[in-house]
Amino acid sequence: MELANLEKISLKNHPNLNETWLQEKIADDPQILGLGDLVLLDRERQQKSGRLDLLLTNVDTNSRYEVEIQLGTTDESHIIRCIEYWDIEKRRYPHYDHCAVLIAEDITSRFLNVLSLFNGHIPMMILQLNALKIDDRIALNFVKVMDRFELRKDDESEVNLTETNREYWNDRANPKTVKIADKILDIINEKAKPTQYLNYNKYYIGLSDGVKSRNFIHFKPKKQFTHILFEIDQKEDWAQKLEDSDMSAEKHDKWLKVTLTPGQVDKNLDLLEPLIFQSVEIYNNN
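Residues numbered from 1 in each chain as written. Predicted model: local features only at pLDDT ≥ 70, side-chain atom pairs only at ≥ 80, totals over all residues. Heavy atoms only, no water.

*Asks:* When you look at the confidence of the model for the protein in this model, what are you seeing that I'm missing?
*Replies:* Do not read the predicted coordinates in detail wherever pLDDT is low. On average, residues of the protein score 84 in pLDDT, and 88% of them are at 70 or above. When pLDDT is averaged over each helix and strand of the protein, the minimum, 45, is found for helix H4 (residues 155-159) and the maximum, 95, for helix H6 (residues 175-188). (pLDDT = per-residue confidence, 0-100. Helix = DSSP H or I, 4+ residues; strand = E, 2+ residues; numbered from the N terminus.)

Structure, rendered in structure tokens:
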């Protein structure tokens, strides 16, 4: 068996492969970064001091990643720009869990030492990009050399998510698990002002008041169950109550993620209704 010809290359010095090419590769498949189930929200997002290369999101955890790309070696200007863009987005949309991400081909220890001083203050990841030429193909490998330390919603960006319909989710998941969203919606609309409607897009089923996305509760149906994410206070107390009633609950920075099977909704209405009403109250008061 003939071995593949493998060569590490520099994108900075490559005659054809540039930063725009790399942006497109990440935008087409954000999972190549190895940071989870990410979705592209925006590219070349205009800021006061420049343009944010990529804005990525994880809709399950309500996280956003402000990504700055640098070909070649890290330098002060890109680090400052990355932190500045992260700060602008965080101040503009504090509802989300934000993380600055710097991607570079060569990470110097000098800057890693400086960035470690931000421990506990700025959630930041640094990824080293290794571009490999394998015969006639280019492979990209991202290595995390520094992990992150450590509210208003962007309705305009939510609208940019690809719209689908109920049939899409019935096929992707299961009509029985999709109906969980209907049952929760009925409870939501006992208290919500104005009335909410299910808003189907490619990555989850959200809520809409008919004008804007209002995803204080949203759904991600699977074949056997549905993940429901609640904007809620006292997440730890709620998680314990749900787990005591044999329901699965996970605490995230901004959300409580509850996993329900079709039979669990009616069986646990006494506990689920107060949870839903509290999330609705937060929405009504914003």
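Read on, since the account is not over.
*Asks:* I'm lost on the packing of H6 against helix H9 (residues 269-285) in this one. Help?
*Replies:* Packed helices, taken two at a time, are described by the angle their axes make and the gap between the axes. Running from amino to carboxyl end, H6 crosses H9 at an angle of 60 degrees, the nearest separation of the two axes being 9 Å. Judged on the interaxial angle alone, H9 and H6 are oblique. At the point where H6 passes H9, the crossing takes the right-handed sense. On H9, the residues touching Ile-184, Ile-187 and Ile-188 of H6 are Leu-269, Glu-273, Ile-276, Phe-277 and Val-280. Residues belonging to the contact of H6 with H9 are distributed by class as follows: 7 nonpolar, no polar and 1 charged. (Axes fitted to C-alpha atoms, helices over the stretch in contact; angles between N-to-C directions. Parallel < 35°, antiparallel > 145°, perpendicular 65-115°, else oblique. Left-handed = near helix turned anticlockwise from the far one by under 90°. Contact = heavy atoms within 4.5 Å. Nonpolar A, V, L, I, M, F, W, Y, C, P; charged D, E, K, R; others polar.)

*Asks:* Sorry if this is basic, but what is going on with the pairing of strand S5 (residues 97-106) here?
*Replies:* On any regular strand, side chains alternate: one points to one face of the sheet, the next to the other face. In terms of residue burial, S5 counts as a mostly covered element, since 9 of its 10 residues are buried. Pairing analysis gives 9 bridges linking strand S4 (residues 63-73) to S5, with the strands arranged parallel. Paired with Tyr-65 across the two strands is Cys-99, which belongs to S5. Tracing the backbone out of S4, into helix H2 (residues 76-92) and back to the parallel element S5 gives a crossover that is right-handed. Sheet topology places S5 next to strand S6 (residues 124-134); 5 bridges connect them, and they run parallel. The residue bridging Ile-103 from the neighbouring strand is Leu-127, located in S6. (Buried < 20%, exposed > 50% of the residue type's maximum accessible area, 1.4 Å probe, protein only. Pairing = 2+ DSSP bridges. Right-handed = clockwise from strand over helix to strand, strands pointing away.)

*Asks:* Help me understand the pattern of salt bridges in this model?
*Replies:* As a working rule, side chains carrying opposite charge can pair if their charged atoms are close by. This structure, assessed with the given rule, holds 8 salt bridges. Measuring nitrogen to oxygen at the nearest pair gives 3.2 Å for the salt bridge that ties Asp-42 to Arg-45. Overall, Arg-45 belongs to the buried group, its relative accessible area being 8%. Taking the shortest distance from any N to any O, the salt bridge between Arg-166 and Asp-182 comes out at 2.4 Å. Placement of the pair is Arg-166 in helix H5 (residues 166-172) and Asp-182 in helix H6, with a sequence separation of 16 residues. A relative accessible area of 23% means that Arg-166 is categorised as partly exposed. By relative accessible area, Asp-182 is classed as partly exposed at 23%. Look at the salt bridges and you will find they share partners, linking Asp-42, Arg-45, Glu-89 and Arg-92 into a network. (Salt bridge = Lys/Arg side-chain N within 4 Å of Asp/Glu carboxyl O.)

*Asks:* Just checking my understanding: could you explain helix H1 (residues 19-28) for this structure?
*Replies:* Since one α-helical turn is 3.6 residues long, residues separated by three or four positions face the same way. Among all positions in H1, only Trp-21, Leu-22, Gln-23, Ile-26 and Ala-27 are buried. Those residues of H1 hidden inside the fold are in contact with strand S2 (39-47), strand S3 (50-58), S4, S5, S6 and strand S7 (137-146). The N-cap residue of H1 is Asn-18: its side-chain oxygen and the backbone nitrogen of Thr-20 are 3.2 Å apart. (Polar contact = N/O pair within 3.5 Å; in protein donor to acceptor, adjacent residues only side chain to side chain.)

*Asks:* Can you walk me through the packing of helix H7 (residues 235-244) against H9 in this structure?
*Replies:* With their axes 11 Å apart at the nearest point, H7 and H9 run at an angle of 160 degrees to one another. With respect to their mutual orientation, H7 and H9 come out roughly antiparallel. Crossing geometry of H7 relative to H9 is assigned as left-handed. Residue-level inspection shows Trp-238, Lys-241 and Leu-242 of H7 in contact with H9, the latter providing Leu-271, Leu-272, Pro-274, Leu-275 and Gln-278. For the contact of H7 with H9, a count of residues per class yields 6 nonpolar, 1 polar and 1 charged.

*Asks:* Please explain the side chain of His-218 as it appears in this structure.
*Replies:* Mapped onto the secondary structure, His-218 falls in strand S10 (residues 217-221). Within polar-contact distance, the side chain of His-218 engages the backbone oxygen of Asn-215 at 3.4 Å. Leave out the neighbours within four places in its chain, and His-218 touches Val-59, Tyr-204, Ile-205, Gly-206, His-227, Ile-228, Leu-229 and Trp-255.

*Asks:* Which parts of the structure should I look at to understand the pairing of strand S9 (residues 205-208)?
*Replies:* Burial along S9 is two-sided: the residues Ile-205 and Leu-207 and Gly-206 and Ser-208 are all buried. Of the pairings in the sheet, the one linking strand S8 (residues 197-200) to S9 comprises 4 bridges and is antiparallel in character. Each bridged residue has a counterpart across the sheet, and for Tyr-200 the counterpart in S9 is Ile-205.

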